[in-house]
Structure formats: C-alpha cells, structure tokens
Amino acid sequence: MKKLSENTTDLLQEIKTEASELPKNKRRDFMLNGLKLTAGTALATTVGQVAASQSNLPPNVPEWSKTLGRGVVSVPYGLPSSYESDVIRRTVEWLTADKIASISMTPLHEMSGIITPSGLHFERYHGGVPDINPNEHRLMINGMVDRPLLFTMDDLMRFPSESHIHFLECPANGGMEWRGAQMEALQFTHGMLSGSEWTGVRLSTLLQEAGIKPGAKWVLAEGADAAGMSRSIPIDKALDDTLIVFAQNGEMLRPEQGYPVRLFTPGWEGNTSVKWLRRIEVGDMPWEHREETSKYTDLLADGTARRHTFVQEVNSVITSPCPEKPIQGKGLLQLEGIAWSGRGKVKRVDVSLDGGVSWQTAKIKGLVLTKSLTRFSMEINWQGEPLLLQSRAIDETGYVQPTLAQLREARGTNSIYHKNSIHTWQVQTDGAVNNVQLG
Amino acid sequence: MYNSVKKKFKTLVLAVAAQGLLTSTVAFADESKYGFGRTATQEEIAGWDIDIRPDGQGLPAGSGSVADGEGLYEAKCASCHGLFGEGEGRWPVLAGGEGTLAHERPEKTVGSYWPYASTLWDYTRRAMPFTAPQSLTADETYAITAYVLYLNEIVDEEFVLSKENFSTIKMPNEPNFFEDDRPDVKNTTCMKDCKDPASIKVVSTIAGVTPLEHLEEGAAETAAEAASETTHGKAIYNQSCAVCHDHGVAGSPKTGDADAWGDRIATGTEMLVKRAITGYVGDEGVMPPKGGNMSLSDEDVAEAVHYMIEKSQ
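Cut-offs used in this document
Residues numbered from 1 in each chain as written. Chains lettered and ligands numbered in written order. Predicted model: local features only at pLDDT ≥ 70, side-chain atom pairs only at ≥ 80, totals over all residues. Heavy atoms only, no water. Contact = heavy atoms within 4.5 Å. Salt bridge = Lys/Arg side-chain N within 4 Å of Asp/Glu carboxyl O. Polar contact = N/O pair within 3.5 Å; in protein donor to acceptor, adjacent residues only side chain to side chain. Helix = DSSP H or I, 4+ residues; strand = E, 2+ residues; numbered from the N terminus. Nonpolar A, V, L, I, M, F, W, Y, C, P; charged D, E, K, R; others polar. Pairing = 2+ DSSP bridges. Disulfide = S-S within 2.5 Å. Buried < 20%, exposed > 50% of the residue type's maximum accessible area, 1.4 Å probe, protein only.

**Side note on the interface of chain B and chain A**
So, step 1. Counting from both sides, the interface comprises 90 residues of chain B and, opposite them, 138 residues of chain A.
So, step 2. Linking chain B with chain A are 10 salt bridges.
So, step 3. Note that B:Asp181 and A:Arg306 form a salt bridge whose closest N and O atoms lie 2.6 Å from each other.
So, step 4. On inspection of chain B and its partner chain A, the count reaches 49 residue pairs in polar contact (both at pLDDT 80 or more).
So, step 5. The biggest single contributor to the side of chain B that touches chain A is helix H5 (residues 117–127) of chain B, with five residues.
So, step 6. Of the residues contributing to the side of chain B that touches chain A, the split by class is 43 nonpolar, 22 polar and 25 charged.
So, step 7. Bridge analysis of strand S14 (residues 305–307) of chain A against strand S4 (residues 177–179) of chain B gives three bridges, and the strand direction is parallel. From the neighbouring strand, A:Arg307 faces S4(B), where its bridge partner is B:Glu179.

**Quick look at the side chain of A:Arg307**
So, step 1. Within the secondary structure, A:Arg307 sits in strand S14.
So, step 2. Of note is the side chain of A:Arg307, whose polar atom sits 3.3 Å from the side chain of B:Tyr116.
So, step 3. Once you skip the residues sitting within four places of it in the chain, A:Arg307 turns out to touch A:Glu288, A:Thr297, B:Tyr116, B:Phe177, B:Phe178, B:Glu179 and B:Asp180.

**Examining the state of the cysteines**
All names here are of chain B.
So, step 1. A complete count under the given rule lists one disulfide over all chains for this structure.
So, step 2. Two residues, Cys190 and Cys194, share a disulfide whose sulfurs are 2.1 Å apart. Taking the sign of the torsion about the S-S bond as the criterion, the disulfide between Cys190 and Cys194, at about -100°, is left-handed.
So, step 3. For Cys190, a relative accessible area of 25% translates into the label partly exposed.
So, step 4. Owing to a relative accessible area of 27%, Cys194 belongs among the partly exposed residues under this scheme.
So, step 5. Summary of cysteine pairing: Cys80 is not part of a disulfide, and the nearest cysteine sulfur, belonging to Cys244, is at 5.0 Å.

**Observations concerning the sheet that holds strand S22 (residues 424–427) of chain A**
The pairing of strands in a sheet comes from backbone hydrogen bonds and takes either a parallel or an antiparallel form.
So, step 1. Reading across from one edge, S18(A)-S17(A)-S21(A)-S22(A)-S23(A)-S5(B) is the order of the six strands in this open sheet, with antiparallel pairing throughout. In this open sheet, the two strands that pair with only one neighbour each are strand S18 (360–361) of chain A together with strand S5 (202–203) of chain B.
So, step 2. Alignment of strand S23 (residues 433–438) of chain A against S5(B), held across two bridges, turns out to be antiparallel. Bridge pairing in S5(B) links A:Leu438 to B:Val202.

**Focus on the pattern of salt bridges**
For side chains bearing opposite charge, pairing can occur when the charged atoms are close.
So, step 1. According to the stated counting rule, one finds 36 salt bridges over all chains in the structure shown.
So, step 2. The closest approach of N and O atoms between B:Arg53 and A:Asp284, which form a salt bridge, is 2.9 Å. Of the two residues, B:Arg53 is situated in the loop between helix H2 (42–48) and strand S2 (63–65) and A:Asp284 in the loop between strand S12 (277–283) and strand S13 (298–299); the pairing between them involves two chains.
So, step 3. For A:Glu288, the salt bridge identified is with A:Arg307, shortest N-O distance 3.5 Å. Residue A:Glu288 is located in the loop between S12 and S13, and its partner A:Arg307 is located in strand S14; the two are separated by 19 residues in the primary sequence. For the pair formed by A:Glu288 and A:Arg307, the shared burial category is buried.
So, step 4. If you follow the salt bridges from partner to partner, you end up with A:Glu222, A:Arg278, A:Arg279, A:Glu281, B:Asp49, B:Asp51, B:Asp122 and B:Arg126 in one network.

That's the geometry; what it means functionally is another story.
Below, the structure written as structure tokens:
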C-alpha cells in the first residue's frame with residue numbers, strides 16, 4: 001500500500017541491515033523451542049497448564065460446574081472469551097512512518113469458515129479513523145446527473161437493500177515479498193484480507209434516482225475522512241454489483257470499516273471500496289487522483305506502469321499448518337486453506353506437498369460464492385517427513401494462480417501490488433513451519 | 001441498527017398519517033423514482049466538490065508563484081517532506097528520482113512518476129498538510145504546487161501557476177502508464193512430474209523482521225495491559241502529536257526519551273502546555289500551534305502534554 005509502496009525499497013534495504021545485525025537465527029531458535037513445546041510429547045507449557053488446572057479435569061468436577069455463571073446482559077455487547085485475547089489484528093511497525101496512515105492484518109490462522117468477525121477485519125486508512133455522527137453525515141451525488149442529490153442515512157436506508165458475502169483484500173497483500181520471503185507468519189504474509197456479509201443499496205439504484213446524463217463513463221467516490229480518500233470507478237462497475245454499504249455481518253459498519261457508510265466494489269482492490277463515503281460524482285473521464293497514480297499503479301521492470309488494475313486475481317493460501325500453527329504430531333492431519341477470486345467463483349484448488357512437482361485436488365468445504373473466501377481442505381497422513389506445501393487455485397474463468405517465478409518474469413519485483421502467486425510453507429521434521437520461496 | 005427516529009415511536013401515531021401523504025405525493029411525481037433524499041443545492045455542492053481532473057476541471061480561480069510557494073512549503077511541509085522534498089526520516093520523498101523507474105531500486109516521486117500535475121494540486125488541498133487537511137486556500141495551493149513542481153525541475157523559479165496556465169504543465173512520465181491488460185501470466189494445471197525435484201532451491205526468509213513477540217509466552221497479558229491503558233491525553237496524542245513526537249520527526253523531542261525531555265520538563269508543565277498551544281520555534285525545529293490541529297481545545301492539548309511528560313520522565 002501507500003507506505004509499503006513508497007518505502008518498500010528502502011525498507012528492504014533497512015531490513016537487510018537490521019536482519020544482519022540481529023543475533024543470528026533468534027527467530028528460528030524461538031520457533032524450534034516453541035515447537036519442542038507443542039510438537040513433542042512431553043510439552044512444557046501443556047504440562048504447566050495441566051498442573052495448574054488439575055482440579056478441573058476428570059474425575060474431578062470443574063470449578064465452573066459448581067458455581068453459577070454470569071447473568072444476562074452482564075456484558076450487553078458480547079465479547080470473545082478472555083482465553084482468546086491473542087486473537088487480534090496486528091501491524092508491522094516498520095511498514096509505515098506512523099499509525100495514522102497505516103495497516104493492520106487479520107489473524108487468518110485463527111479464522112474458521114469464510115466470515116471474519118468485524119472486529120478482526122484488517123484495517124487500512126490514510127488519515128486515521130474518523131468518528132462520524134451519522135445524523136450529521138450526508139451522501140451527495142453530483143456531476144453529470146439530471147438532479148444532484150443529498151441523502152441522510154435515514155434516506156439511504158429506505159431504498160431496497162441487498163446482502164452479499166464477499167472478500168475484501170488490500171492489493172498490497174503479500175507485497176512485502178516480491179524480492180524474497182521475509183514475513184514469518186501467515187498474519188503478515190496474507191492478513192490484508194477478510195470476508196464479511198455486506199448489506200447496502202446498489203449504487204445503480206441511487207444513480208438511477210439522480211438520473212445519469214448521456215456520456216457518463218466514470219464515477220468518483222470520495223470519503224469524509226482526513227485523507228479525503230478518492231478513487232475513480234468505471235461506470236460499468238458502478239452500475240453492476242457495486243454497493244453503498246451500511247452494515248457488515250448483521251450490524252452497522254465498524255468505524256474502521258467506514259461507519260456509517262462506504263462504497264463496496266466486489267472483487268476489486270480494497271482501496272476502491274472507499275470508506276466514510278460522502279460523495280459520488282459522475283463524469284466522463286477518470287480523475288487520476290493520488291491513489292490511482294502515485295499509489296495503486298503497478299510498476300514493471302522496464303519502468304512502465306499498469307494502471308486501473310482493479311481486479312484481485314485468483315489467490316489461495318494454506319492456513320493450517322502455517323508458521324503460527326505448526327503440526328501438532330504425527331498421524332492424520334487436516335490441512336486447510338482459503339482461496340478467493342475477484343473474477344467470480346473459485347472452481348478448484350490443488351495442493352502440492354513436494355514444492356509443485358505433483359498436485360492433488362483438494363476438497364472444497366462449505367459455501368462457494370462469487371468473489372468470496374472459499375475454504376478447502378485435504379486430509380494427509382504425516383509421518384514426520386519434511387514438506388514443501390503449496391496451494392494453487394483456479395477460478396471459474398479458467399485462470400490458474402501463477403507461480404512467483406511467472407509473476408517476476410512478467411512484472412519484475414517492483415510492482416508492490418497484486419502479488420497473487422502460489423505460496424510455499426516449508427514443514428520441518430518436527431512439524432515447524434517456515435515461510436520460504438522456491439528458486 | 002442505525003435509525004435516527006427510534007426514540008420518536010411514542011409520538012408517531014399522528015405523524016404517520018401526515019407523512020404517508022407527503023411521501024406519496026413525491027413518489028407520484030415520477031413513477032421510476034423512490035423520491036428519497038432531496039436536491040443538493042449549488043452552494044452545498046460548491047463546498048464539497050473539491051476534486052480536480054487532469055483536464056483542469058474543478059480548478060478554482062487563483063494563482064501562486066514558486067517564490068510564494070517556497071515560504072509556504074518551508075512552514076507547512078518541509079518538517080516532514082524535507083526542505084528539498086527529500087523526505088525527513090521515513091516521510092514520503094516528493095522530489096528527485098528521475099530516470100530510476102527501471103532501476104533495481106526505483107524512486108517514485110512527483111517528478112519521476114506522477115503522470116499529472118492536477119493530482120498534486122488535488123492531493124495537496126485534499127489531504128495535506130497531514131495534520132491539517134483542507135486548510136489551504138486556493139492561492140496557497142497554487143503556490144505550493146508550483147514550488148513542488150519547481151523542486152522537481154518541471155517549472156523554473158520565475159513561474160507563476162494559475163488556473164489559466166495549468167494545462168500547459170506536462171509531466172515527464174505521463175506516456176509510461178498503460179491500461180490494465182491482465183491476465184499477463186498463464187500457469188498450467190499440471191498434476192504430475194511438473195518439475196524436476198532436483199531443480200528446487202529453497203530460499204528462506206530474512207530473519208528478524210517479523211513482529212513475533214505475540215508467539216512468545218506471556219505475550220497475551222502484555223497486549224491486554226497495553227490495550228487497557230487508554231486515556232484521553234493518549235488519544236489526543238496519538239491523533240495529533242505522535243506523527244512527529246513518536247519518532248522525533250522534524251527535530252521534535254521523542255516521547256519516552258528522558259534525555260530529550262529533561263531540560264524541557266524542568267521549565268515547568270505550564271510553559272510546555274503554553275508552547276504546545278501557541279506553537280514555538282526552538283533550536284531543534286518548529287512546534288506548530290496545537291501540532292497543526294486547530295480543532296483541538298486547549299484542554300485537549302494540555303492532556304496530551306501531560307501524557308507526553310508522564311511517558312518521558
């Protein structure tokens with residue numbers, strides 16, 4: 001994203017120096033120690049926990065069975081169990097100069113199904129999260145329309161609404177790894193990705209209400225935040241599946257996701273789904289604002305740059321095992337992952353255990369929806385052999401997720417955005433999982 | 001779910017009938033319309049329609065010279081972007097980098113990468129200075145835009161930028177953008193013997209750059225503690241002061257750095273609060289009034305200063 005983009009090169013240089021200054025293999029040592037704890041048989045942490053809570057295990061009757069629990073509305077808005085306190089969004093501090101124009105990632109390794117809890121949806125904004133009073137918020141439609149309109153939130157919610165399950169992904173997801181693997185955790189390699197049920201009014205309904213003038217080809221969406229985020233959207237997309245969204249996963253949007261109203265462009269790069277939406281202008285050419293020129297354009301090795309790269313092409317990743325979720329022990333292993341495509345439905349996912357020499361088709365689990373996270377799984381019998389795990393998704397257009405070598409060959413390593421290549425996890429004999437790339 | 005009328009239910013009985021009538025008149029006016037919302041006035045549109053296009057559409061009347069821009073830039077932009085657009089610390093670089101786009105380490109700046117000058121005008125008014133967006137006048141924006149173009153050697157130092165001559169500015173990199181033509185790669189669905197296993201080389205990660213503290217023992221508690229200690233002062237600080245004081249940007253004393261704060265704290269809290277409110281030019285740099293966020297009350301600023309002192313003792 002912005003800061004990634006602009007600073008990636010410097011960052012990578014910084015990283016190299018920083019890395020070489022660090023005690024060598026600090027991380028690896030930690031990981032191995034961690035694994036001895038989890039993958040071995042006599043597990044230090046588990047042993048500790050067992051000792052502390054022996055009295056709650058059979059044949060004893062646990063504490064919580066012998067006392068009454070909390071009453072209703074003692075927590076009027078429910079929260080996760082206190083034992084889940086490490087399931088949180090995280091950021092990588094060195095990516096951006098400050099936390100106001102920055103990004104945080106979803107803990108994908110802790111997620112089930114295809115919906116991300118709203119409070120764990122990744123965050124990305126350029127001028128902080130505004131605190132908007134919905135009664136004082138307005139959505140304006142102006143430009144090439146018969147009648148410019150101004151809507152209150154009440155007005156908007158009187159129009160017919162729709163609910164759809166879609167993923168939302170920042171096009172810089174994975175963008176730190178064009179030159180080499182450097183993020184030792186799934187949360188950081190793929191966490192600029194979430195899935196939600198979005199509810200709102202079709203933009204086409206509102207444009208019809210205003211009446212589009214002949215010759216209209218683009219719309220500008222503009223936010224009410226301090227960044228005044230603005231993106232140009234071709235009219236075809238605006239009249240297709242683009243929504244003016246006010247609710248996410250059954251409740252009003254979270255402030256970080258654009259409360260009280262945002263644009264949502266299914267399958268397209270996250271930045272085009274402008275949050276805190278205050279205005280839609282209809283025009284006959286793109287505006288070429290900062291987020292569609294300086295940023296969110298894809299620089300190629302020859303110095304030319306691709307622009308208006310809206311679609312998030314098919315992508316997939318194995319979520320278990322992963323660096324944060326090493327294999328627990330020998331025996332049957334439920335390998336799981338997610339796949340998604342901005343062009344439609346995921347048709348098939350193949351898994352390789354040997355770095356792409358041979359592939360097997362995985363089972364699709366649960367719902368297969370257009371432009372949505374789609375879960376896949378495969379049962380394997382692991383007997384402690386080292387693995388090079390990969391997943392390769394194919395969408396309904398027939399497009400096959402590419403290898404990193406293919407992407408680098410076509411684009412070089414300075415594109416930042418839209419790195420949707422096959423990802424490799426290296427499984428060690430003790431079950432530890434490392435992020436690697438294949439040369 | 002949001003509904004501004006939820007408290008009005010008791011008084012609704014009579015109102016419903018009257019409103020029902022009203023809505024139906026509107027709806028009957030044009031059968032294809034819902035009739036919700038109202039016409040936006042020209043005045044309302046003028047206040048919000050701030051976008052500028054490459055063809056100049058949207059530019060307000062006005063002008064500004066490179067010379068005027070220099071002073072404005074140094075006062076409002078240089079603390080982050082550097083006197084020559086070179087970027088202080090990790091803040092964005094605005095100038096230089098010509099001819100580097102095809103290099104191993106390209107430097108993308110306004111001059112080397114941006115295809116249109118209108119983008120600079122639009123973004124500067126819309127989003128900069130970072131701590132006070134939409135605070136520049138049209139003439140100031142023309143002048144600062146002219147100056148940033150001058151730093152990039154796109155206009156000369158005598159130049160005066162105006163609505164009238166805006167379209168004469170051509171950015172050198174404009175021809176190098178092309179429309180999305182993906183898919184640009186084609187993988188196959190090979191299932192067997194797809195490559196020679198002996199050809200596989202495993203390249204590991206660069207160690208030590210991922211924040212992994214949370215995977216170590218006891219991490220959850222630390223995170224919970226950190227999350228619970230939110231104060232108003234801290235919130236204000238994060239919003240308006242951290243941009244500089246977190247990292248010591250622009251010569252500001254870094255929060256938490258007891259050495260940098262020792263002498264300052266010794267002058268007394270009252271003095272520090274006063275300077276934070278009214279602004280202050282010291283030996284190290286410029287502390288803008290209220291950190292550039294004039295919407296803060298004096299109390300807000302005082303609380304932020306208290307928080308900074310507490311963290312820096």
